[in-house]
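Coordinates in review
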Amino acid sequence: MSKEVLDRAVEACFQKAEAQFGRRFSRPRVTLDLRGRAAGQAHMGKGLLRFNRAMYLANHQAFIDEVVPHEVAHWLAWQLHGPRIQPHGPQWQGLMTGLFGLPAKRTHDFDVQEQTFSYHCGCRQHQLTIRRHNKVLRGERYLCRRCGEPLNPGSAGGDSGLA
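Below is a short write-up of the structure. These numbers come from a predicted model, not from an experiment.

**A few points about the sheet that holds strand β6 (residues 152-153)**
A sheet is described by the order of its strands in space; here three strands give the open sequence β5-β4-β6, paired in antiparallel fashion. Every other strand in the sheet has two partners, leaving β5 (125-129) and β6 as the edge strands with one partner each. Taken strand by strand, helix α5 (residues 130-137) contacts β4 (116-120) and β5, and its axis lies near 95° from that of β5.

Now the structure itself:
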C-alpha cells in the first residue's frame, strides 16, 4: 500500500487512455496529502492529483479501482475538452464509463471516521470537526443556530449535531 503502488495505478490509467486515444497526455504530480472527507482532487492549474492517505490505507483496493480512475478522468477530460467543462459533466462521465468501465459516481462510499469534539450551548450538545475545533482554539466563535448562544467546549445534555 505504498505511494509507488498508487503511482503505478495512476500511470496505468494514463497508458490505457493513450492506447484508446492514440495520443500522449501530460502527467500530473501525485501526492498523498489530502485530508478530510474527499478521497481525491484534480488540480489541473497546479499540475497535481491529490489523494487522501487515510482513505487509501483503509480502502486500498477500492481506492485503486475507483478513486484513481475518477481523478485521472478529470485530468483527461480537461486535456481533451478544455477548462470550461463541468467537473462531472458528460465529458468526464464518458471517460468513466467508456474508458474505465466504471459508473460515473461523483462521490465515494468509504466510511469516513472523523474525530469530533463536544461543545455545548444553552439548549443542547454539538459535535465540531477537528477543523472547527482548531478554529475555536485560534479565537473563532460559533453560535448555535437554535438558541443563538456561543458554543463552549465540553459536554452538556441534549442531542448532537450543529443546528
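**Focus on the nonpolar core**
Counting 30 residues, the largest nonpolar core has L6, V10, F51, F63, V68, V72 and L76 as its most contacted members. Mapped by element, the contributors of at least two residues to this core are α1 (3-21), β1 (29-34), β3 (48-52), α2 (53-58), α3 (60-81) and α4 (90-99). At nine residues, the largest contribution of residues to this core is made by α3. Residues within four places of F63 in sequence aside, it is in contact with L6, A39, F51, N52, M55, Y56, V68 and F110. Grouped together as the second largest cluster of nonpolar side chains are six residues, L128, Y142, C144 and L151 included.

**Comments concerning the packing of aromatic side chains**
For the coordinates displayed, the defined rule picks out four aromatic pairs. Centroid distance W75 to W78: 6.2 Å. Interplanar angle 45°. Geometry classified as tilted. Residue W75 and its partner W78 are both found in helix α3; the two are separated by three residues, about one turn of the helix. With relative accessibility at 3%, the residue W75 sits in the buried group. On the accessibility criterion, W78 (31% relative accessible area) is partly exposed. An aromatic cluster of three or more residues is present, and its members are F51, Y56 and F63.

**A few points about the packing of α1 against α3**
To characterise two packed helices, one gives the angle between the axes of the helices and the distance between these axes. Two elements in contact, α1 and α3, have axes separated by 9 Å at closest approach and are oriented at 45°. Between α1 and α3, the interaxial angle falls into the category oblique. In this structure, α1 meets α3 at a crossing whose hand is right-handed. Facing α1, whose interface residues are V5, L6, A9, V10, C13, F14, A17 and F21, α3 presents H60, F63, I64, V68, P69, V72, W75, L76 and L80. Classifying every residue of the contact of α1 with α3 by side-chain character gives 16 nonpolar, one polar and no charged.

Criteria and cut-off values
- Residues numbered from 1 in each chain as written.
- Predicted model: local features only at pLDDT ≥ 70, side-chain atom pairs only at ≥ 80, totals over all residues.
- Heavy atoms only, no water.
- Pairing = 2+ DSSP bridges.
- Helix = DSSP H or I, 4+ residues; strand = E, 2+ residues; numbered from the N terminus.
- Contact = heavy atoms within 4.5 Å.
- Axes fitted to C-alpha atoms, helices over the stretch in contact; angles between N-to-C directions.
- Core = buried A, V, L, I, M, F, W, Y, C linked by side-chain atoms within 4.5 Å.
- Buried < 20%, exposed > 50% of the residue type's maximum accessible area, 1.4 Å probe, protein only.
- Phe/Tyr/Trp six-rings, centres within 6.5 Å; stacked < 30°, edge-to-face > 60°.
- Parallel < 35°, antiparallel > 145°, perpendicular 65-115°, else oblique.
- Left-handed = near helix turned anticlockwise from the far one by under 90°.
- Nonpolar A, V, L, I, M, F, W, Y, C, P; charged D, E, K, R; others polar.

Geometric descriptors of this kind do not, in isolation, establish any biological role.
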